[in-house]
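# Structural overview
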Amino acid sequence: MSPPGREPSAVPRSAPLCAAALLLTGVSVVIGFRAADADGTTPVPQALAFLPWLLVPGAAALGLAALARWRGGLVWAVVALALTVWFVRPYGPGATGAHGPVVARLDVLTSNVEFGDATDALIGAVRREEPDVVFVQECDFACADALAARVPAASYPYRDVVRLDGSLGSAILSRFPLRPAGRVDGAMAMPGAVTEVAGRDVRLQLAHPMPPVPGKVAAWRRELGRIRDLAAAVRAQPAVVAGDFNASQDHAAFRAVLDAGGLHDSARLAGSSRTYSWPADRPAPLRVQIDHVLVSEEFSVRSARFLHLAATDHRALLVALELHDGG
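Described below are features of the structure shown in this document. (Residues numbered from 1 in each chain as written. Predicted model: local features only at pLDDT ≥ 70, side-chain atom pairs only at ≥ 80, totals over all residues. Heavy atoms only, no water.)

## Observations regarding the overall build of the protein chain
To be explicit about the condition: A run of DSSP states H or I qualifies as a helix once it reaches four residues; a run of E qualifies as a strand once it reaches two. Both are numbered from the N-terminal end. Residue contacts follow a heavy-atom distance rule, with two residues in contact if any of their heavy atoms lie within 4.5 Å. Each accessible area is a Shrake-Rupley estimate made with a 1.4 Å probe; only the visible protein chains count as cover when residues are assessed. Only four residue types enter the tally: Lys and Arg on the positive side, Asp and Glu on the negative side; His and the chain ends are excluded. By convention, the charge on Lys lies at NZ, on Arg at CZ, on Asp at CG and on Glu at CD.
Looking only at helices and strands, the protein chain has nine helices and twelve strands in total. Projected onto the principal axes, the alpha-carbon positions of the protein chain cover approximately 90 × 45 × 35 Å. The long-range fraction of contacts in the protein chain, counting pairs at least 24 apart against all pairs at least 6 apart in sequence, stands at 68%. Carbon together with sulfur atoms contributes 60% to the accessible area of the protein chain, which is approximately 13900 Å² in total. Here the protein chain contributes 31 positively and 31 negatively charged side chains, and the mean placements of these two sets differ by 7 Å.

Written out as C-alpha cells, the structure reads:
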C-alpha cells in the first residue's frame, strides 16, 4: 500500500518521460540543422556525420514515451524518426547527365595514407589495381620518396607531388599528361591539374580540408567553401574532385560542393552512398563515408569499391569511370 498523498505511478512515469524528452531534444537539434541545410557549431557538425545513427536514440525515445504513456512524446518521436529516415536517403540524382558514346575509360583511386604509414599498402594496391589516376592525402616526406622510388615512372610519368611533412603533403599520379592548374588554399596541400583524356581537357582536383574537430569547424567550413568555389569555376568542363573531404552527404558544406559544381558522388551513383570509409582501423560502430570521388556530368560510373589498406584509418576508394562525348 502506498503512503498517503503519494501518487503510485508518479516516479515510474517521470523517469522514462524525462529520458525520452532528453533524447528527443538532442535528436531534434541535429535533425533541425539538417532540415535547415546548415552545419551549425560543435557538437552539431560532429553529430551530423553520424546522422543515420540518430535512429537509435529516436527509437529508444519512442519506447520510453510509450512506457511513460506520453502521447505528445510518441508523436514527437515518430516525427523525429520519419525525418531521420528521410534524410538517410542518398543525396542527389542516381545518374549523371552523360550521353553519347564512351570515348575513354578512367580508373581513379583516392587514399588517405595517414601520415604516410600506409604507403606500402597503397603502392601494393596501385600495382594490383593499376588505376589511371591516383590521389594521395597525408603523404609525408617518406611517402613522397617511396612513390618516387617504387612506383615506376614508366607507369605514372606525370606527377604533382607536394612535399610536406606529416598530414600536410599530397600527391597526384597520372598516366595522362598533367598541366599545372593551381591549388586550393588550405592547411593541408590540395593540388590541382588539368589532364587530357581522349582529346578533352579534364580538371583534376585533390580535396583534403581540415576535419571539423572542436575548435576547427570554422576552418573546415572555410576550406570546403574554397573547394565549392573551385567546383563552381570549372563547372563547364569535365572534372574529377577526389580525396578525403572530412565530410559526408549529411553536411551542408559538402552538399554545397556537389551543387555548386554540378558534381555527383561516384559511390552514390554506384549504390554505395552509405558505405563507410572512416574509421577503418578499429571495430567502431560509428562509421561514415568521408572519402569521395566526385565527377561532372560528362562521366558515368561503372563501379566503386572501397579497399582496406593496412596502417591507415581510411579505406581507399577505387572508381571506374567512363567519359562520354556529351554531358
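Here the narrative resumes.
## Quick look at the pattern of salt bridges
Close approach of charged atoms allows side chains of opposite charge to pair. Using the following cut-off: The working definition used for a salt bridge is a side-chain nitrogen of Lys or Arg within 4 Å of a carboxyl oxygen of Asp or Glu.
With the rule as written, the count across this model stands at 14 salt bridges. Among the salt bridges present, the one from Asp 120 reaches Arg 150, with a minimum N-O distance of 2.6 Å. Note that Asp 120 is positioned in helix α5 (residues 119-129) and Arg 150 in helix α6 (residues 141-150), a separation of 30 residues in sequence. With its nearest N and O atoms 3.7 Å apart, the salt bridge here joins Arg 175 to Asp 132. Of this pair, Arg 175 sits in the loop between β4 (170-174) and β5 (178-183) while Asp 132 sits in the loop between α5 and β2 (133-137), placing them 43 residues apart in sequence. Salt bridges linked by common partners bring Arg 105, Asp 107, Arg 302 and Glu 322 together as one network.

## Here's the deal with the sheet that holds strand β9 (residues 264-265)
How we decide: Any two strands between which DSSP finds at least two bridges are classified as paired. Fitted lines through C-alpha atoms serve as axes, helices being fitted only where they are in contact, and the angles separating the N-to-C directions of these axes extend from 0 to 180 degrees.
Ordered in space as β5-β6-β7-β8-β10-β9, the six strands form an open sheet in which the pairing is mixed. On the outer flanks of this sheet lie β5 and β9, each paired with one strand and no other. Bridging between strand β8 (residues 239-244) and strand β10 (residues 291-295) involves five bridges; their strand directions are antiparallel. Bridged to Gly 243 within β10 is His 292. Each of β9 and β10 touches helix α8 (residues 252-261); the most contacted strand, β10, lies at about 20° to it.

## A look at the side chain of Thr 195
Heads up, the condition is: Throughout this description, a polar contact denotes any pair of N or O atoms lying within 3.5 Å of each other; where both atoms belong to protein, one of them has to be capable of donating a hydrogen while the other can accept it, and for residues adjacent in sequence the pair is counted only when both atoms sit in side chains.
Structurally, Thr 195 can be placed in strand β6 (residues 191-197). Looking at Thr 195, its side chain comes within polar contact range of the main-chain oxygen of Pro 177, at 2.7 Å. Not counting residues up to four positions away in its chain, the partners in contact with Thr 195 are Ser 174, Phe 176, Pro 177, Leu 178, Arg 200, Asp 201, Val 202 and Leu 204.

## Let's talk about the nonpolar core
Our working definition: In plain words, nonpolar cores are sets of buried Ala, Val, Leu, Ile, Met, Phe, Trp, Tyr and Cys residues tied together by side-chain atoms within 4.5 Å. Relative accessible area decides the class of each residue, using a 1.4 Å probe on protein chains only: under 20% of the type maximum gives buried, over 50% gives exposed, and in between gives partly exposed.
Counting residues in each nonpolar core, the largest one holds 47 residues, and the members touching the most others are Phe 135, Ile 227, Val 240 and Leu 321. For this core, the leading source of residues is helix α7 (residues 217-233), giving six residues. Not counting residues within four places of it along the chain, the set of residues in contact with Ile 227 comprises Val 184, Met 190, Ala 207, Pro 209, Val 241, Phe 245 and Val 257. Formed by 22 residues, the second largest nonpolar core is a distinct cluster that contains Val 134, Val 136, Val 151 and Leu 307.

## Structural notes on the packing of α7 against α8
Quick reminder of the rule: Roughly parallel means an angle under 35 degrees; roughly antiparallel means over 145; roughly perpendicular covers 65 to 115; every other angle is labelled oblique. Under the grouping applied here, Gly and all other residues not named as nonpolar or charged are polar, the nonpolar ones being Ala, Val, Leu, Ile, Met, Phe, Trp, Tyr, Cys and Pro and the charged ones Asp, Glu, Lys and Arg.
At a closest axis distance of 7 Å, the pairing of α7 and α8 adopts a crossing angle of 10°. Taken together, the axes of α7 and α8 lie roughly parallel to each other. Judged by residue contacts, Trp 220, Leu 224, Ile 227, Arg 228, Ala 231 and Ala 232 of α7 engage Ala 253, Ala 256, Val 257, Ala 260 and Gly 261 from α8. Its residues assigned to classes, the contact of α7 with α8 comprises nine nonpolar, one polar and one charged.

## Description of the side chain of Ser 248
With respect to the helices, strands and loops of the structure, Ser 248 is situated in the loop between β8 and α8. By relative accessible area, Ser 248 is classed as buried at 3%. The residues touching Ser 248, leaving out its near neighbours within four places in the chain, are Leu 48, Ala 49, Phe 254, Val 288, Gln 289, Ile 290 and His 292.

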